[in-house]
Amino acid sequence: MSKTQFNISGMTCTACASAIERKVSQLNGVESAVINFSTENLIVQHDLNLAPIPTIIKTIEALGYGAELINNDLNAQSKVAEKSHSKPSYQNQIDEVNHRLIISLIFTLPLFYLAMAPMINLPVPSFLAGEQNILINALTQMFLTLPVIYICRHFYINGFKALWKRIPNMDSLVAVGTTASFSYGVIVLFILAYGFSYQNLELIHHYAHELYFESTTVILVLITLGKSLETKAKGKTSQAIEKLIALVPENARVLRNGIEVEISIDEVNINDVVIIRPGERIPVDGEILNGHSSVDESLLTGESLPIEKVTGDFVISGSMNKTGSFEFKATKIGQDTTLSKIIQLVEEAQSSKAPIARIADEISRYFVPVVMSLSVLTFVIWMFLGYGLSFALSAAISVLVISCPCALGLATPTAIMVGTGKGAEKGILFKNGPALEVLGKSNAIVFDKTGTLTNGSPAITDIILYDTQLNQNELLRMTASLEQKSEHPLSEAIITKTTELGLDLYDITHFDSRSGLGIQGQIDDHEIFIGNTKLMELENISVEPVMADYLRLSDLGKTPLLIGWDHAVKGIIAVADTIKENSHQAISQLRAMNIDVYMLTGDNERTAKAIGKLVNIENVIANVLPHEKSAMIKTLQSQGHQVIMVGDGINDAPALAQSDVGIAIGNGTDVAIESADVILMQNNLMNIVSAIQLSKATLRNIKQNLFWAFIYNVIGIPIAAGLLFIPFGLKLNPMFAAGAMSLSSVSVVLNALSLKTFKTKILAVDQLDYNENISLTELPTTIINNEKEGKKMKQTLKVNDMSCQHCVKRVEGILNGFDGIEAVFVSLEDGQASFTASETVDVNSVIAALTEAGYPASQITK
């Protein structure tokens, strides 16, 4: 199935949109057709062979509307540049509507004065005043009406065409109502002429004030005014995209053959060297080659403070360079740039339809035919009751012009457009309308641990000294001097810290890596040992005095490295994947919002509980294999939860896809981002709180819009029909009915625009109140039993000398390197590795590979 997007012209209300959706959906080969009345975009999922694009366009044109293919394959930067040079489409609509409004007013104002002045004793020109000039006055009113009807002729062209095709819309209501009003005025004109011909003064006096020409023009003017206000308001809902489009500069300075040249951004190629000076916007994505600066990425990521960029850092198109100058290599251009993808995501989200919109769609489908039937019924009832043609016609016209399917149709899409736009401003990208709606309804959220709750890279968390002759920097220098020779991932954390502090390293005489134990080396007269308790015991270094600290750090999910020489442990350096600074605050806020919070991790139970305690998560699910994450989501869903999944890695993609709403961290993998429904541009978990609150606010706004649209029609139509006339003598003039109809659409759009003021609400919670009652949550999993299943069997190996989670990762890597091995799970605590292997896998070869890597292994049998 292909997804094709069309721009639809000629729509005037949601009845038009519903008719197009219905007809296109009926085509053979079309899976779905969704139209957004606010953006005038139609998205069709279809088989290109069974339902080619020309067939779809022909079907839409046969209904009386225009359809133009939107070419999403164009270079995105070209599209941005093109849009930045041309007027926004809504501005063209505003100009057109305003032109009609001004011309109409020029003729309507004198007409209205002529019709109303005699009633309130205002002077009129002498040749139009008095009984003898009534016919001339009436003819003048008719001739003032004709230009207004002509300038607003689209109401009649579209309305009667839709009526003829049996898909009546709002234009049909206006066209029928004003045509009846004008036709009645012409009939009265002939009656007046008849009266003057036969000197029937009674007939003349009776019909002198029965002209409805002013009602015709005022109705057209008020509806046109409403359209003008509505279009202006709708234009404001698209400002988020306009702001993004405006970020792209037209030109870029690049080095070509060593010479600096200025070219269009369309001409920038991958690997071009681009030069950026202070105050300039960055044209494409790239990697800084030399120079440094602070870069403002606020309009893209929502990050308020400029970010310091140095050689090796990446910059994104559209961001503003603040202070320094630098050169960078273009890595992404055109539609692949971050900004282009953001614009595409926001456009798609604004063009999509939320599930709640189906209510309005279903009502809009039958709305206009029902209103026209009610109008006829109103006319018949008042005629039957003997109130005369004029009264019955006035009530019937009021019913037609007060009814407003537009308010219903605008209720959902305008709120979604503003909501997704506001999200984009805050660095929260919603991929579609359903995600924006469902997020606010969800009652459970599941976090992956590594890279989501934690930073995803090890760092030093604690330095403990046991020798009064030492200080922390000295211990770091000695440790880093050995660790620089090691390939262990924990070494990187120690080297990084030493570099940050500007400490010089010692020369070492020799170095030895002890697999599964640690490392050792000679510094001056000292033989230094760095590793686990087994290494210390083998070297006759007592660990008894430090075991309390060692176990405490282990219980906190950290990896303690013992550093010893001269038969004594001199210190402990603890390394861990550190918690993101706002993880605890975000989790506390989510819990305060009555959302159940879960954490999934492959860590053992002790480490999982420690991390859960640090971030205030009660429900911790440990020992979870990557392929089991989606099963956990399914289990929660089977318990009645609507589940949000937050992740950043490749192994999170199935769980993100399985969840009701998947949220990917913006610095995560492309696979995770593709599988997610919401993308956070900042690596800030508080944006999850903002996203949920924005979703709730948008959903609340949609419900308000639908409520007022429903109530307006439920109350307005009976009043227009004359329900209050018999008991209270109240009758709604068609002109007031037209004004009310116009204002209803405007009020719905203005209410949607109130979302622009959205701010994240921080709930009152104790930020330091760590949860002491962490429970390991047990959910049914899909772990394979130790039995044959077809040609596969689960194997369990005893693996020795693993000392930390990085050893676990190495063992996992070795096992995953064998063809035929899957579902690998390594337990540091138990010293075991389990996996599912096909019968072609030689277990002895696996054992040999592990042993050779420094992890002696043996098979565990029943």
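Note that this is a predicted model, so its numbers are computed, not measured. (Residues numbered from 1 in each chain as written. Predicted model: local features only at pLDDT ≥ 70, side-chain atom pairs only at ≥ 80, totals over all residues. Heavy atoms only, no water.)

Quick word on the UniProt feature "transmembrane region" (unreviewed entry) in the protein chain
(1) Moving on: UniProt marks residues 101–122, 134–152, 173–196, 211–229, 366–385, 391–412, 706–728 and 734–753 with the feature "transmembrane region" (unreviewed entry), using the numbering shown here.
(2) Moving on: In residues 134–152, the share of helix is 95% and the share of strand is 0%. The end C-alpha atoms are 27 Å apart.
(3) Moving on: Spanning residues 366–385, this segment combines 95% helix with 0% strand, and its end C-alpha atoms are found 28 Å apart. (UniProt positions renumbered as here; feature names shortened; annotations may be inferred. Helix = DSSP H or I, 4+ residues; strand = E, 2+ residues; numbered from the N terminus.)

Brief notes about the packing of helix H14 (residues 388–402) against helix H27 (residues 686–720)
(1) Moving on: Interaxial distance between H14 and H27 falls to 8 Å at its minimum, and their mutual angle equals 165 degrees. Here H14 lies roughly antiparallel to H27, going by the angle between them. For the pair H14 and H27, the crossing hand works out as right-handed. Each of Ala-395, Ser-398, Val-399 and Ile-402 in H14 lies in contact with H27, whose residues at this interface are Tyr-712, Asn-713, Gly-716, Ile-717 and Ala-720. (Axes fitted to C-alpha atoms, helices over the stretch in contact; angles between N-to-C directions. Parallel < 35°, antiparallel > 145°, perpendicular 65-115°, else oblique. Left-handed = near helix turned anticlockwise from the far one by under 90°. Contact = heavy atoms within 4.5 Å.)

Focus on the pairing of strand E20 (residues 559–565)
(1) Moving on: The buried fraction of E20 is high, at 7 of 7 residues.
(2) Moving on: Alternating positions in E20 separate into two faces, Thr-559, Leu-561, Ile-563 and Trp-565 on one and Pro-560, Leu-562 and Gly-564 on the other, with burial throughout.
(3) Moving on: Summarising the sheet, strand E19 (residues 526–531) and E20 pair through 3 bridges and their orientation is antiparallel. Across the sheet, Ile-530 pairs through a bridge with Ile-563, a residue of E20.
(4) Moving on: One ladder, built from 7 bridges, connects E20 with strand E21 (residues 568–579); its direction is antiparallel. Within E21, the residue paired with Trp-565 across the bridge is Ala-568. (Buried < 20%, exposed > 50% of the residue type's maximum accessible area, 1.4 Å probe, protein only. Pairing = 2+ DSSP bridges.)

Here's the deal with the pattern of salt bridges
(1) Moving on: Inspection of every chain in the model, using the stated rule, returns 15 salt bridges.
(2) Moving on: In this structure, Arg-253 engages Glu-280 in a salt bridge whose closest nitrogen and oxygen atoms are separated by 2.3 Å. Of this pair, Arg-253 sits in strand E5 (residues 251–256) while Glu-280 sits in the loop between strand E7 (273–276) and strand E8 (285–291), placing them 27 residues apart in sequence.
(3) Moving on: For Arg-253, a relative accessible area of 15% puts it in the buried group.
(4) Moving on: A salt bridge links Lys-558 to Asp-462, with the shortest nitrogen-to-oxygen separation between them at 2.7 Å. Linking Lys-558 in the loop between helix H21 (547–555) and E20 with Asp-462 in strand E16 (residues 454–465), this pair joins segments that are 96 residues apart in sequence.
(5) Moving on: Residue Lys-558 is classed as buried on the basis of its relative accessible area, which comes to 18%.
(6) Moving on: Several salt bridges share partner residues, and in doing so they unite Arg-253, Glu-260, Arg-277 and Glu-280 into one network. (Salt bridge = Lys/Arg side-chain N within 4 Å of Asp/Glu carboxyl O.)

Thoughts on the confidence of the model for the protein chain
(1) Moving on: Looking at the protein chain as a whole, its pLDDT mean stands at 81, while 87% of the residues score no less than 70.
(2) Moving on: At the level of individual helices and strands, the protein chain shows its lowest average pLDDT in strand E27 (residues 775–776), which scores 43, and its highest in E7, which scores 93.
(3) Moving on: Within the model, pLDDT remains below 50 along residues 767–790, and this stretch shows 59 contacts once partners closer than five positions in the same chain are excluded. (pLDDT = per-residue confidence, 0-100.)

Focus: the packing of aromatic side chains
Any pair of aromatic rings gets described here by the distance separating the centres and the angle formed by the planes.
(1) Moving on: Evaluation of the coordinates by the stated rule reveals 11 aromatic pairs.
(2) Moving on: Judged by centre distance (6.2 Å) and plane angle (45 degrees), the ring pair of Phe-326 and Phe-328 falls under tilted. For the pair formed by Phe-326 and Phe-328, the shared burial category is buried.
(3) Moving on: An angle of 80 degrees between the planes, with centres 5.7 Å apart, marks the rings of Tyr-387 and Phe-725 as edge-to-face. Of this pair, Tyr-387 sits in the loop between helix H13 (357–384) and H14 while Phe-725 sits in helix H28 (residues 725–728), and the two are 338 residues apart along the sequence.
(4) Moving on: For Tyr-387, a relative accessible area of 35% puts it in the partly exposed group.
(5) Moving on: Among the aromatic residues, ring-to-ring pairing joins Trp-382, Tyr-387, Phe-391 and Phe-725 into one connected group. (Phe/Tyr/Trp six-rings, centres within 6.5 Å; stacked < 30°, edge-to-face > 60°.)

As for the sheet that holds strand E9 (residues 293–296)
(1) Moving on: One open sheet accounts for 3 strands, arranged E10-E9-E12; its pairing is antiparallel. Looking along the sheet, the strands with just one partner apiece sit at the ends: strand E10 (307–309) and strand E12 (320–321).
(2) Moving on: As defined by bridge partners, E9 adjoins E12 across 2 bridges and the pair is classed as antiparallel. Across the sheet, residue Asp-296 finds its bridge partner in E12, namely Met-320.

Thoughts on the nonpolar core
(1) Moving on: Ranked by internal contacts, the top residues of the largest apolar core, which has 129 residues, are Ile-8, Ile-20, Val-24, Leu-42, Phe-447, Leu-590 and Ile-688.
(2) Moving on: When residues in this core are grouped by element, the largest group, 14 residues, is from H27.
(3) Moving on: Membership of the second largest hydrophobic core comes to 45 residues, among which are Ile-463, Leu-470, Ile-494 and Cys-804. (Core = buried A, V, L, I, M, F, W, Y, C linked by side-chain atoms within 4.5 Å.)

Some thoughts on H21
(1) Moving on: Regarding H21, the residues found buried are Tyr-550, Leu-553 and Ser-554. For H21, the buried positions fall inside an angular range of 100 degrees around the axis, keeping them on one side.
(2) Moving on: Those residues of H21 that are buried are in contact with E16, helix H20 (533–538), E20, E21 and helix H23 (605–615).
(3) Moving on: Looking one or two places after H21, you find Gly-557, whose phi comes out positive at around 80 degrees. (Arc of directions from axis to C-beta.)

Considerations on the sheet that holds strand E4 (residues 66–70)
(1) Moving on: The strand order E2-E3-E1-E4 describes an open sheet built from 4 strands, whose pairing is antiparallel. Taken across any chain shown, the strands that pair with only one partner, and hence form the sheet edges, are strand E2 (30–36) and E4. Each neighbouring strand pair of the sheet contributes to a mean axis angle of 25 degrees, computed without reference to strand direction.
(2) Moving on: Bridge analysis of strand E1 (residues 2–9) against strand E3 (residues 41–46) gives 6 bridges, and the strand direction is antiparallel. Bridging across to E3, Asn-7 finds its partner in Asn-41.

Description of unusual backbone geometry
(1) Moving on: Backbone geometry at Asn-271 places phi at a positive 75 degrees, although glycine is not the residue there.
(2) Moving on: Mapped onto the secondary structure, Asn-271 falls in the loop between strand E6 (259–264) and E7.
(3) Moving on: The phi dihedral of His-567 falls on the positive side, at around 60 degrees, and the residue is not glycine.
(4) Moving on: Relative to the elements of secondary structure, His-567 occurs in the loop between E20 and E21.
(5) Moving on: Judged by relative accessible area, His-567 falls into the exposed class, the value being 63%.

Details of a nonpolar patch on the surface
(1) Moving on: Together, Tyr-366, Val-370, Leu-374, Leu-377, Ile-381, Phe-384, Leu-385, Tyr-387 and Ile-726 make up a nonpolar patch on the protein surface, roughly 900 Å² of accessible area in all.
(2) Moving on: A total of 6 residues in the nonpolar patch trace back to one element, the largest contributor, which is H13.
(3) Moving on: Considering the arrangement of structural elements, one finds Leu-377 in helix H13.
(4) Moving on: Assessed through its relative accessible area of 46%, Leu-377 is described here as partly exposed. (Patch = residues over 30% accessible without salt bridge, like charges linked within 9 Å, V, L, I, M, F, W, Y side chains within 5 Å. Areas by Shrake-Rupley, 256 points an atom, 1.4 Å probe, with all protein chains shown as cover.)

Details of the packing of helix H7 (residues 170–197) against H14
(1) Moving on: Two elements in contact, H7 and H14, have axes whose closest approach is 9 Å; the angle formed by their N-to-C orientations is 160 degrees. Of the possible angle classes, the one that applies to H7 and H14 is roughly antiparallel. Once H7 is placed against H14, the crossing between them reads as left-handed. Mapping the contact onto sequence places Leu-173, Val-176, Gly-177, Ala-180, Ser-181 and Tyr-184 in H7 and Leu-389, Ser-390, Leu-393, Ile-397 and Leu-400 in H14.
(2) Moving on: Residues of the contact of H7 with H14, tallied by class, amount to 8 nonpolar, 3 polar and no charged. (Nonpolar A, V, L, I, M, F, W, Y, C, P; charged D, E, K, R; others polar.)

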